[in-house]
Structures are given as structure tokens and as C-alpha cells.
Amino acid sequence: MSTPAMNPADAPSAAAPKGPGLRALWVLMGCEARMVMRDTSGLIIPLGMPLLILVTSAASTVGETVRDGFTAFDLFVLPIVFVTVVALIGVINMPSFLASYRKTGVLLRLGATPASPMFVLVAHALVSIAQAAIGIALAFGVALVFFGANPPANPGVALAILLLVTAAMYGVGMIIASLAPTQNSALAIGFVVFLAFAAMGGLFGGRQALPPALAPLADWLPVGAGTDALGAAWAGSAIPLAALLALAATVAISAAVAGLFFRWE
């Protein structure tokens, strides 16, 4: 008696290999966190420099009430300190790490394993965002305890603005990481870009001191736009549309440019 032929559709299919899951991401994040902690300057500068700006600016701004009980310290110093934390990590630290990974072939070798290079990018981004959150929390804690800073009138809006600023700064950092061939070149480019953004954003003396030809441009760069938007959220006033457009445009343009030029090897 002959047995009926088995329909190929009824045959048990081989289980598809599973890609790396959350556990692998946690392991990679642990590795990235250890590497960040071993980078002494990259760990301390994004935490220490904003605190230095905070302390040196407090004496002249804490008692100066600007609007609805908020001081110049609340509306100008705190926003630029928070944006500085994000800029230091997103524009300087993050690109140097990714450039070193590409230069040493780490990203290329990961392409032949279940843990794709994208997992490394995600893990490092999450760790560096956590570092930025720690820096912001530290600065805000010092401001609250020692200088009597006021919390934002719209905490949710302020947090949303900070996330948008983070996306913009990390987008600029990804452009640097996509173009810089080595870690040292990424550090150099990132440092120059950070100084240009900071100078235009008022970190070294206020935007009113800028030449008339440059002053309008400052409002459209990430540091100036970020501090304007965050200061408005802190005061509970309407967020300047130009600042939101500038940050959103930075995110969109950065994503397009980085996607065009970024290479794993």
C-alpha cells in the first residue's frame, strides 16, 4: 500500500534563526557604558563644564527677576547649560566613538554577526543619552539646592524641547561621524563645530554682542534655537516658531546627510 505524497506546504519548516534581542542590547549597552566611563575627559567635561558655566553665571543672574517671578538665571542660564550638556556629548563625544569603531573595523566585523552594526549605534546612543540626562539632572540639582532656581512652568513642554534639542545635536554629531575618517579628526571637527554653535548661541557673552550680519543666523542654529525654545518653555510662554522650525530642520537635514555619507567601513 503506497503512502500519499506529503504536500510540501505540510512539511515542518525549519525555525528561522533569531536575531539578537533585548538581552544582547543590554550587554552592548553595558560594554558601551564601561568604555564611556574609561574615557576620563569625555566623562568629566560634559558634566563639569556646564557646572562651571552655572556657577560663574549665578552671581549676576540669580536675583534678577525677568518675568512672572522667573529670574535671568532660570530663563537664560539654565537653558544654555542644559543645551551645552547635550551639545558636548552629541557633537564631540559620540562622533569620536563611532569614528574609532569604524576605523578599527568594529562596525564592519559586526556586520558578519547576528549583532548588526546598528545595534552598536543604538546601544551607544542610549548610553550617551543617559550620560546627558545625568549631566542635566546634576546641573539642575545644583541650581535648585544652591541657587534657588525655579522649576519650569511647563515641565512636559520643557522635556519635549530637550528631546528635540538632543535629536538635533545628535544629528549634527552623526554628520561628523559620517565624514570624519579617524577619532582625532572627529574630535577636532566636533570641537570646532561646538565652539561655533556656542559662540553664536550666546555662551561666550550673549547674542547681542554678535555682529549685525551674524545675529539673525544665531537664532537658526541649534544652540540658539534650543535655548530660545527651552527658555520659553521654562517661562510658560509660547515657544518661538522659528526655534522649533530650526531644530526640526536640523534633525531632518542631518538625517539625510548622515544617511547619504555614513559608511560602516
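Residues take numbers from 1 onward in each chain, read along the sequence in its written order. At least 70 in pLDDT is required for a residue's local features to be given in this predicted model, at least 80 for side-chain atom pairs to be given and counted, and no such filter applies to totals for whole chains, interfaces and linings, which use all residues. Note: side-chain values were computed over all heavy atoms of the structure, leaving out hydrogens and water.

In terms of regular secondary structure, the protein is built from 10 helices and 2 strands. What you see in the protein, going N to C, is helices and strands ordered as α-α-β-β-α-α-α-α-α-α-α-α. Think of it in three bands: with a 1.4 Å probe and only protein chains considered, a residue is buried below 20% of the maximum accessible area for its type, exposed above 50%, and partly exposed in between. Classification of the 265 residues of the protein by burial places 43% in the buried group. Within the protein, counting contacts between residues at least 6 apart in sequence, those at least 24 apart form 75% of the total. By element, 72% of the accessible surface of the protein is carried by carbon and sulfur atoms, the whole surface being about 13,500 Å². Where helices and strands are cited, they refer to DSSP runs of H or I of at least four residues and of E of at least two residues respectively, numbered from the N terminus. Contact between two residues is taken to exist if any of their heavy atoms lie within 4.5 Å; hydrogens are not considered. A 1.4 Å probe and the Shrake-Rupley method give the accessible areas. Residues count as covered only by the protein chains that appear here.

With respect to the helices and strands, the residue T84 is situated in helix α3 (residues 72-103). Those residues within four positions of T84 in sequence are excluded, and the remaining contacts are P50, I53, F194 and L203.

By the secondary structure assignment, L162 is in helix α6 (residues 155-179). Owing to a relative accessible area of 14%, L162 belongs among the buried residues under this scheme. Along the backbone, L162 and L230 are 68 residues apart, and their C-alpha atoms lie at a distance of 7.2 Å.

Once that is clear, we can look at a nonpolar patch on the surface. Residues qualify for a patch when their relative accessible area is over 30% and they have no salt bridge, like charges being joined within 9 Å and the nonpolar side chains of Val, Leu, Ile, Met, Phe, Trp and Tyr within 5 Å. The salt bridge criterion pairs a side-chain nitrogen of Lys or Arg with a carboxyl oxygen of Asp or Glu, the two atoms within 4 Å. The grouping of M118, V122 and L126 at the surface amounts to a nonpolar patch, some 230 Å² of accessible area in total. Secondary-structure assignment places L126 in helix α5 (residues 117-147). What makes L126 partly exposed here is its relative accessible area of 36%.

Attention now goes to the packing of aromatic side chains. Ring pairs (aromatic) are described by centroid distance and by the angle formed between their planes. Only Phe, Tyr and Trp rings take part, Trp by its six-membered ring, and two of them pair if their centres are within 6.5 Å. Stacked means planes under 30 degrees apart, edge-to-face means over 60, and tilted covers everything else. For the structure shown, the criterion picks out 4 aromatic pairs. Where F82 meets F140, the ring centres are 6.1 Å apart and the plane angle is 90°; that geometry is what we call edge-to-face. Here the residue F82 occupies a position in helix α3, and F140 occupies one in helix α5, the gap between them amounting to 58 residues. You can call F140 partly exposed: its relative accessible area is 21%. When the centroid spacing of 5.6 Å and the interplanar angle of 90° are considered together, the rings of F140 and W234 count as edge-to-face. Taken together, the residues span a long stretch of sequence, with F140 in helix α5 and W234 in helix α9 (residues 222-235) at a distance of 94 residues. Pairwise contacts between aromatic rings join F82, F140 and W234 into one cluster.

Turning our attention to the packing of α3 against α9. Fitted lines through C-alpha atoms give the axes, limited to the stretch in contact for helices. The angle between two N-to-C directions lies from 0 to 180 degrees. At a minimum axis distance of 8 Å, the contact between α3 and α9 shows a crossing angle of 130°. When the axes of α3 and α9 are compared, the pair comes out oblique. In this structure, α3 crosses over α9, and the sense of that crossing is right-handed. In this structure, α3 contributes D74, L75, L78, P79, I80, F82 and V83 to the contact, and α9 contributes V223, G226, T227, L230, G231, W234 and A235. Under this scheme an angle from 65 to 115 degrees is roughly perpendicular, one under 35 degrees roughly parallel, and one over 145 degrees roughly antiparallel; angles in between are oblique. Left-handed describes a crossing whose near helix is turned anticlockwise from the far helix by less than a right angle; the clockwise case is right-handed.

The next point concerns the confidence of the model for the protein. pLDDT: the predictor's confidence for each residue, scored from 0 to 100. Averaged over the protein, the pLDDT score is 85; the fraction of residues at 70 or greater is 87%. Scored below 50 in pLDDT, residues 11-17 makes 1 contact in the model with residues more than four places away or belonging to other chains.

What follows deals with the packing of α3 against α6. Across the interface, α3 lies against α6 with an axial gap of 8 Å and an inter-helix angle of 30°. By the angle between their directions, the pair α3 and α6 is classed as roughly parallel. Judged by the sense of rotation from one axis to the other, the crossing of α3 with α6 is right-handed. Here α3 contributes F82, V83, V86, A87, I89, G90, V91, M94, P95, L98 and R102 to the contact with α6, which in turn contributes L162, V165, T166, M169, Y170, V172, G173, M174, I176, A177 and S178. Side-chain classes follow a simple rule in which Ala, Val, Leu, Ile, Met, Phe, Trp, Tyr, Cys and Pro form the nonpolar group, Asp, Glu, Lys and Arg form the charged group, and the remainder, Gly included, forms the polar group. Along the lines of polarity and charge, the residues of the contact of α3 with α6 split into 17 nonpolar, 4 polar and 1 charged.

Unusually for a residue other than glycine, D68 sits at a positive phi of about 50°. Looking at where D68 falls in the secondary structure, it is placed in the loop between β1 (65-67) and β2 (70-71). Judged by relative accessible area, which is 69%, D68 ranks as exposed.

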